[in-house]
Amino acid sequence: MESSSKPSQVATQVVRWLLEEMKSGEFRYAERLPPETKLAEKLGVSRTAVRDGMAILEREGFVGRKQGLGTIIYRNVLEVKTRIDLEKEFLDIIAEAGFTPGTNYTTVRYAKADNADAAQWKIPVGEPLIHITRLITADGVPAIYCEDSFPVKLIREDGYDESDLQKPIFSFFRRYCGTDVFMDLTEIHAVNADERLAAELQVPQGAALLHLNERGFDFCGNLLLCSQEYYREGILTHTILRKKIE
């Protein structure tokens, strides 16, 4: 593990390593993780990096820490394949659920903001927006239909083209907008497939779909991305972790 990386990168590496070790490695059968000092020594990183990584794991519900008890591993959470409360790229979600992920198609179009868009994004009417539509497959079967939109003005780096917009959206924001989607506010609905969605997801018209209406924000609370996601029934099992707030 590279100890010369930035702290946030090191903490991310610590998280990935610990998750792997808790699921199938050294800590596969452990009830608790070793103390931070021992983990830091083992990995060759600072205790601060380990502490930051532990905070991430605790926030995401994989471990719990309490004075006198140490760091408890929550096996029931580790075993969940698909969690709706963790923001991940679609292809990663499909892969973690045990399927071969694929992208049937991605389309990109530009449009001008109407009154509703202007109010939502706090931009002038007529400002250009980018709309990206994707159909994601699991073992070749349509699984997720998604429509993303965001203002063109969020793009800070020149040199992108339509092929870059066809890549995972979080990667595009990181590379060309210089920011990350830090959190989402998501409304969850059960909807029936209309003619268009039935054709896209290859289900009978009227079939039940899970609809996520999402707004993604950066760390400072600025709106970055609006998404309409539709999930075909019977492929992914969605689990949400709810923790009691002390």
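Every chain's residues receive numbers from 1 upward, in the order its sequence appears when written. In view of the model being predicted, local features appear only for residues whose pLDDT reaches at least 70, and side-chain atom pairs are presented and counted only at 80 or more, with totals across whole chains, interfaces and linings using the full set of residues. The side-chain figures draw on all heavy atoms in the structure; neither hydrogens nor water molecules are used.

Turning next to the sheet that holds strand E2 (residues 63–66). The sheet built from 3 strands is open, its strands ordered E1-E3-E2 with antiparallel pairing. The open sheet terminates on both sides in strands that have one partner only, identified here as strand E1 (32–33) and E2. When DSSP locates at least two bridges between a pair of strands, those strands are taken to pair. The helix and strand labels rest on DSSP assignments: H or I over at least four residues marks a helix, E over at least two residues marks a strand, and numbering proceeds from the N terminus. In this structure, E2 lies alongside strand E3 (residues 70–73), joined through 4 bridges in antiparallel fashion. Bridging across to E3, Arg65 finds its partner in Thr71. Throughout, a contact is declared for two residues whenever any of their heavy atoms are within 4.5 Å. Angles here are taken between N-to-C directions and fall from 0 to 180 degrees, while the axes themselves are lines fitted to C-alpha atoms, restricted in helices to the stretch in contact. Packed on one face of the sheet, helix H3 (residues 47–59) meets E1, E2 and E3 and runs near 115 degrees to E2.

Among the structural elements, Glu89 can be located in the loop between helix H4 (75–78) and helix H5 (90–96). Using a 1.4 Å probe on the protein chains alone, a residue whose accessible area is under 20% of its type maximum counts as buried, one over 50% counts as exposed, and one in between counts as partly exposed. The sign given to each residue is positive for Lys and Arg and negative for Asp and Glu; His and the chain ends receive no count. Salt bridges, as used here, are contacts in which a Lys or Arg side-chain nitrogen is within 4 Å of a carboxyl oxygen on Asp or Glu. Within the buried set, Glu89 has no salt-bridge partner at all; the shortest N-O distance to an opposite charge, 5.8 Å, is to Arg174. Contacts of Glu89, omitting those with residues within four sequence positions, involve Pro168, Ile169, Phe170 and Ser171.

Pairing of E1 with E3, which is carried by 2 bridges, proceeds in the antiparallel orientation. In the strand pairing of E3, Arg32 is matched with Ile72. Hairpin remark: E2 followed by E3, antiparallel, with 3 residues in the connecting loop; positive phi at Gly68, about 90 degrees.

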